[in-house]
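# Breakdown of the fold
Listed below are the residues making up each chain.
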Amino acid sequence: MSDLLQAIEEKLGDAVEDSHAYRGDDTILVSHDRVLEVMQTLKDDSSFRFNMLIDLTAVDYLGRDPRFEVVYHLGSVEVEARGSEPSSLRHRLRVKSGVAEVPCEIDSVTSIWPAANWMEREVFDFYGIRFKGHDDMRRILLYEEFQGHPLRKDYPKERRQPLIGPRN
Amino acid sequence: MAEPVKKARTEGKGGLHTDIQKLNMGPSHPATHGTVKFTVELDGETIQAMDVAVGYLHRGFEKECESGTYYQAIPYTDRLNYNSAILANLGYCMAVEKLLEIEIPDRGEWARVLAGELSRVGDHLTRLGAACLELAAMTPFLYGIEARELIWDLQEMLCGARVTSNYVRIGGLQRNIPDGFEDRCEESLKRVDELLVDFDKIVTANRIFVDRFRGTGVLSREDCVAYSVTGPLLRAAGIPYDLRKAEPYSKYDEIDFDIPVGTTGDNYDRFLVVQEELMQSIRIIRQCLPVLRKTKGQPVDIQDPHIRWPGKNRVYGRMEELIQQFKGVTEGIKVPAGEAYVAVESANGELGFYIVSDGSGKPYKVRCRPPSFVNTQPLSRMLVGGLLADIIPTFDMVNMIGGECDR
Amino acid sequence: MPGKVVRVRRHSNFGWKERLYLPMIFVGLGVTARHFFENFWGYMIGKVKTFVVQYPEERLDYADAFRGHPVLVALESGAPKCVACGLCEFACPTDCITILPDETRSAIERIPKVFDIDMSRCMFCGLCEEACPEEAIVMSRDVELATYDREAMLFHKEDLLRTEEQLGRRIGFIREEYNRA
Ligand code: SF4
Ligand code: SF4
């Protein structure tokens, strides 16, 4: 186990359900009701300083419980440049959190990283996962009249939308 | 919309009453490259609030990737950022290679660096040229496009297509660097240099141009980090964060190049940072060429028929390879179950691929972390309080590429 | 290799030359005029330096690697070389190839009865060519596909067949290229 994971587990204690470093990517699994608290610590704690939310997405593991997994990729960038040194703490972390099919929701992290705004909208758009505390939960890449959530595994690729009509 | 919307009447100059005016810009607006819709609320000419609607170019990239084999997703990655397709190819293939735990031969890595940097030069030239064009300066645009044309000719020589390269493969490259490429490349770069000097003369110190760029669309360092902005935008704000240096992949740790940074994070800084990065990319290409000359004749692919389809001469003539070819095409590459995230520095910032594999020949999930999408988000933050006319240079410098943003 | 971080140079304090618009405009005019006269001179002495070509009349030669739309290679008898193995159908990301196999009495035993490529979906990626174990489908050098109706974008076997002479350059390229270790 890497130093980072060890430090995180020490700091966060039982909030970390599981951790691994598959192919060198440090990953922790967090229960969905503690995401906000964990993220706040990861951002504020001086030994982690994950001040950048690199990516936020979800994966649909159809047939598994919980069905969805929201995946956060965190990164760290030094805001104050230090001479000619590349200003990164050079660590990354993947945080995953399971989300059940009902209720399909998880806390929003927009209060911690404003960058999460669009990314959460995108996950809502494609997976139908609602983010509690997000003040603008609209579709983003698809249009309002779109039915269903296309990246769910039970959404067939060939499905036609009512506004599009059948294939001619 | 993060910003509060002022609904009250405001007092215009000279006691005139003005109402807040709502204006739709786009989705297809002549002065924006990329289909995006801005809904701006204007007080006179000052932007009070702004909503950016993206998604007009959504084509279901991730769903398509899930439905095909790993191999079949490569041409789709071309169509993300169509200005620098090779960089997207590279990111995707590196992610799969990380799952497979393979390393490609040295020459392959150098060829990848070369191809990627050519792509980046093309992208930056487009960005600079288009920025001038949309401010009604046709001549510098044409110089930029002529230079890009030369770069794209090189790409065509390399991979057979100017835009949709489909060049990088899992475990190697589509083909080795062709004979005579290095010389042609040097020749073209010489001309590109000349054109860039002319470009610089016309634009960079021209006050008409500078006035539009200086002090507009400012995004502070703190905001950049809060909004996860990466790439030239972040560097223009003064944070020297470049993945090629911070987490060197491929051969970037053996290459000598500088990271340009700005000070204020306005459009002028962005323009200058991109311009300097262009020079640095050309410098990198010039460092790749001697290595490629020296390693002539060496393979660029890994020698594993389970990953890289065997050479055609063997497929035509031998049973074993023929069977491998059949299995390779129909079943796809078997990638061990697990997940991996790989990020490369694309022309717009951190282009990441997060791939989940279930052990079969098809990816379970391919997520592209699009720099354009993330960088477009703080547009309203950059522009509220500015003038309507600032939208154009700011949007140019953000360089939202529809294909990548909307996927 | 340690890299430097360089600060870009902003033209923040304009001298009189920049502050008055006119001198810089003349600098710009000078650059464009130079380009004009270079091109003009090149035109006069017959060495055209301009980048633009008058497209339908004048054409550029594409690189050897150039990928146009996929076509089928014909044998000398005129029948397709294809053995309807279906690999290209599998490899095609956009599912635009449709093959119906048939048996023949000739040496290769199988030929395609139907071989359709829907060019409105084809993206010229070349994966079909890479997959084919028979050198039967190759990328041509044609890209001009405009039609008046969509039906015409569905290319049938007859539209796709080309003789080996017509495809000489491409086939030569493939042979050279795929002899990799
Ligand atoms: S070029 Fe690509 S899209 Fe077109 S038929 Fe071949 S494999 Fe399919
Ligand atoms: S892969 Fe080649 S031989 Fe097989 S069906 Fe396609 S064209 Fe015919």
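Residues numbered from 1 in each chain as written. Chains lettered and ligands numbered in written order. Predicted model: local features only at pLDDT ≥ 70, side-chain atom pairs only at ≥ 80, totals over all residues. Heavy atoms only, no water.

What follows concerns the site of ligand 2. Every one of the 13 residues lining ligand 2 counts as a neighbour, but Cys82(C), Cys85(C), Gly86(C), Cys88(C) and Cys132(C) are closest to it. In terms of residue class, the shell around ligand 2 is made up of 11 nonpolar, 1 polar and 1 charged. (Near = heavy atom within 4 Å. Nonpolar A, V, L, I, M, F, W, Y, C, P; charged D, E, K, R; others polar.)

Now for the pairing of strand β4 (residues 68-77) of chain A. Residue and element names in this part refer to chain A. A large share of β4 lies buried, amounting to 10 of its 10 residues. Of the two faces of β4, the one holding Phe68, Val70, Tyr72, Leu74 and Ser76 and the one holding Glu69, Val71, His73, Gly75 and Val77 are both buried throughout. Bridge count for strand β3 (residues 52-60) against β4 is 8 bridges, and the pairing is antiparallel. Bridged to Leu53 within β4 is Leu74. (Buried < 20%, exposed > 50% of the residue type's maximum accessible area, 1.4 Å probe, protein only. Helix = DSSP H or I, 4+ residues; strand = E, 2+ residues; numbered from the N terminus. Pairing = 2+ DSSP bridges.)

All right, on to the pairing of strand β2 (residues 27-30) of chain A then. All names here are of chain A. Strand direction decides the pairing type here: strand β1 (residues 16-20) and β2, joined by 4 bridges, are antiparallel. Within β2, the position partnered with His20 by the bridge is Thr27. Turn length for the β1-β2 hairpin, with the two strands adjacent in sequence and antiparallel, is 6 residues, and the turn residue Arg23 shows positive phi of about 55°.

Time to look at the packing of aromatic side chains. With the rule as written, the count across this model stands at 16 aromatic pairs over all chains. Consider the rings of Trp118(A) and Phe373(B), whose centres lie 5.4 Å apart with planes at 50°: the pair is tilted. With Trp118(A) in helix α3 (residues 116-127) and Phe373(B) in helix α14 (residues 371-376), this pair bridges two chains. On the basis of relative accessible area, Trp118(A) is assigned to the buried category, the value being 6%. Relative to Phe257(B), the ring of Tyr252(B) has its centre 6.1 Å away and its plane inclined at 70°; by these criteria the two rings are edge-to-face. Comparing Tyr252(B) with Phe257(B), the two get one shared label, buried. Every member of this aromatic cluster is reached through a ring pair, and the members are Phe199(B), Phe209(B), Phe213(B) and Phe271(B). In this arrangement the basic side chain of Arg64(A) is found over the ring face of Tyr61(A), its NZ or CZ atom lying 3.9 Å from the centre. (Phe/Tyr/Trp six-rings, centres within 6.5 Å; stacked < 30°, edge-to-face > 60°. Lys NZ or Arg CZ within 6 Å of the ring centre and 35° of its normal.)

Turning our eyes to something else, we now look at helix α11 (residues 267-294) of chain B. For α11(B), with 28 residues, the first-to-last C-alpha span of 41 Å sits near the 40 Å given by 1.5 Å per residue. Most of α11(B) is tucked away, with 20 of its 28 residues classed as buried. (Expected span 1.5 Å × (residues − 1).)

What follows covers the side chain of Glu339(B). In this fold, Glu339(B) is placed in strand β9 (residues 338-346). In this structure the side chain of Glu339(B) is engaged in a polar contact, spanning 2.5 Å, whose partner is the side chain of Tyr354(B). When neighbours within four sequence positions are excluded, Glu339(B) is seen to be in contact with His20(A), Tyr22(A), Asp25(A), Thr27(A), Arg94(A), Lys96(A), Leu99(B), Tyr354(B), Ile355(B) and Val356(B). (Polar contact = N/O pair within 3.5 Å; in protein donor to acceptor, adjacent residues only side chain to side chain. Contact = heavy atoms within 4.5 Å.)

Before going further, it helps to examine empty space enclosed by the protein. Using a probe with the size of a water molecule, rolled over the atoms, empty space left in the structure can be pinpointed. Residue and element names in this part refer to chain C. In the structure shown here, the tally under the stated rule is 6 cavities of 30 Å³ or more. What the largest cavity holds in volume is close to 90 Å³. Forming the walls of the largest cavity are 14 residues, and the residues nearest its centre are Cys92, Cys96, Cys122, Cys125 and Cys128. When its residues are assigned to classes, the lining of the largest cavity shows 12 nonpolar, 2 polar and no charged. (1 Å grid on protein atoms, 1.4 Å probe; cavity = no way out; pocket = protein on both sides within 12 Å on 5 of 7 lines; lining within 4 Å. Points joined across faces, edges and corners; volume = space filled by probe spheres on them.)

Counting residues in each nonpolar core, the largest one holds 192 residues, and the members touching the most others are Leu42(A), Tyr72(A), Ile129(A) and Tyr92(B). With 13 residues, the single largest contributor to this core is α11(B). Filtering out sequence-adjacent residues up to four positions away, Ile129(A) remains in contact with Ala58(A), Phe68(A), Val70(A), Val99(A), Cys104(A), Glu105(A), Ile106(A), Val123(A) and Phe124(A). (Core = buried A, V, L, I, M, F, W, Y, C linked by side-chain atoms within 4.5 Å.)

Once that is clear, we can look at the interface of chain B and chain C. Taken together, the contact pairs 71 residues of chain B with 54 residues of chain C. Interface area, chain B with chain C, both sides summed: about 5400 Å², of which 56% is carbon and sulfur. One can count 2 salt bridges joining chain B with chain C. Close ionic contact of Glu130(C) with Arg169(B) constitutes a salt bridge, the shortest N to O distance being 2.6 Å. The interface formed by chain B and chain C includes 15 residue pairs in polar contact (both at pLDDT 80 or more). Among the secondary structure elements, those contributing two or more residues to the side of chain B that touches chain C are α2 (74-78), α5 (138-159), α6 (181-203), α7 (207-213), β8 (259-261), α11, α12 (312-317) and α13 (319-331) of chain B. Ranked by residues supplied to the side of chain B that touches chain C, first place goes to α5(B) with 8 residues. Within the side of chain B that touches chain C, the residues separate by chemical class into 29 nonpolar, 18 polar and 24 charged. Note: β8(B) against strand β1 (residues 5-7) of chain C, 3 bridges, orientation parallel. Bridging across to β1(C), Pro260(B) finds its partner in Val6(C). (Buried area = accessible area lost by both parts, 1.4 Å probe. Salt bridge = Lys/Arg side-chain N within 4 Å of Asp/Glu carboxyl O.)

Looking now at helix α2 (residues 21-44) of chain C. Because each turn of an α-helix spans 3.6 residues, side chains separated by three or four positions in sequence point in the same direction. All names here are of chain C. End to end, α2 covers 34 Å across 24 residues, agreeing with the expected 34 Å (1.5 Å per residue, within 8%). Residues Pro23, Met24, Gly28, Val31, His35 and Gly42 constitute the buried set of α2. Looking one or two residues beyond α2, the residue adopting positive phi is Gly46, at roughly 85°.

Space inside the second largest pocket adds up to approximately 970 Å³. Forming the boundary of the second largest pocket are 33 residues, of which Glu149(B), Thr50(C), Phe51(C), Val52(C) and Val53(C) lie nearest the centre. Breaking the lining of the second largest pocket down by element, the ones donating at least two residues are α5 and α6 of chain B together with α2 of chain C. Here the lining of the second largest pocket gets 9 residues from one element, more than from any other, and that element is α5(B). Across the lining of the second largest pocket, the residue classes break down as 15 nonpolar, 5 polar and 13 charged.

A word on the site of ligand 1. In the vicinity of ligand 1 there are 13 residues, among which Cys92(C), Cys122(C), Cys125(C), Gly126(C) and Cys128(C) approach most closely. Cavity membership is defined here by more than half of the atoms lying within 2 Å of grid points; on that basis ligand 1 lies in the largest cavity. (Sits in = over half its atoms within 2 Å of the grid points.)

Moving on, we get to unusual backbone geometry. The peptide bond linking Asp65(A) to Pro66(A) adopts the cis configuration, its omega dihedral lying at -5°. Structurally, Pro66(A) can be placed in the loop between β3 and β4. Between Val102(A) and Pro103(A) the backbone carries a cis peptide bond, its omega angle lying at -10°. In this structure, Pro103(A) sits in the loop between β5 (88-99) and β6 (105-107). Phi at Ala84(C) is positive, roughly 55°, even though this residue is not glycine. Looking at the element boundaries, Ala84(C) is found in the loop between β2 (70-73) and α3 (87-91).

Time to look at the domain arrangement of chain B. All names here are of chain B. Here chain B is described as being made up of domain 1 (10-53) and domain 2 (61-406). Relative to domain 2, the C-alpha centre of domain 1 lies at a distance of 33 Å. Taken together, the contact between domain 1 and domain 2 spans 17 residues of the former and 18 residues of the latter. Of the roughly 1500 Å² buried between domain 1 and domain 2 on both sides combined, carbon and sulfur atoms contribute 71%. If you look at where domain 1 meets domain 2, you find 0 salt bridges. Taken together, the connections running from domain 1 to domain 2 amount to 3 residue pairs in polar contact (both at pLDDT 80 or more). For the side of domain 1 that touches domain 2, the element with the most residues is strand β5 (residues 46-53), which contributes 6 residues. (Domains from an automatic or database assignment.)

It is worth spelling out the pattern of salt bridges at this point. Summed over all chains, the structure comprises 57 salt bridges over all chains. A salt bridge links Lys81(C) to Glu135(C), with the shortest nitrogen-to-oxygen separation between them at 3.6 Å. Taken together, the positions of Lys81(C) in the loop between β2 and α3 and Glu135(C) in the loop between α4 (127-131) and β5 (137-139) put the pair 54 residues apart, joining distant regions of the chain. Judged by relative accessible area, Glu135(C) falls into the buried class, the value being 5%. Here the residues in one salt-bridge network are Glu117(B), Arg120(B), Arg235(B), Asp242(B), Arg244(B), Glu277(B) and Glu345(B), joined through shared partners.

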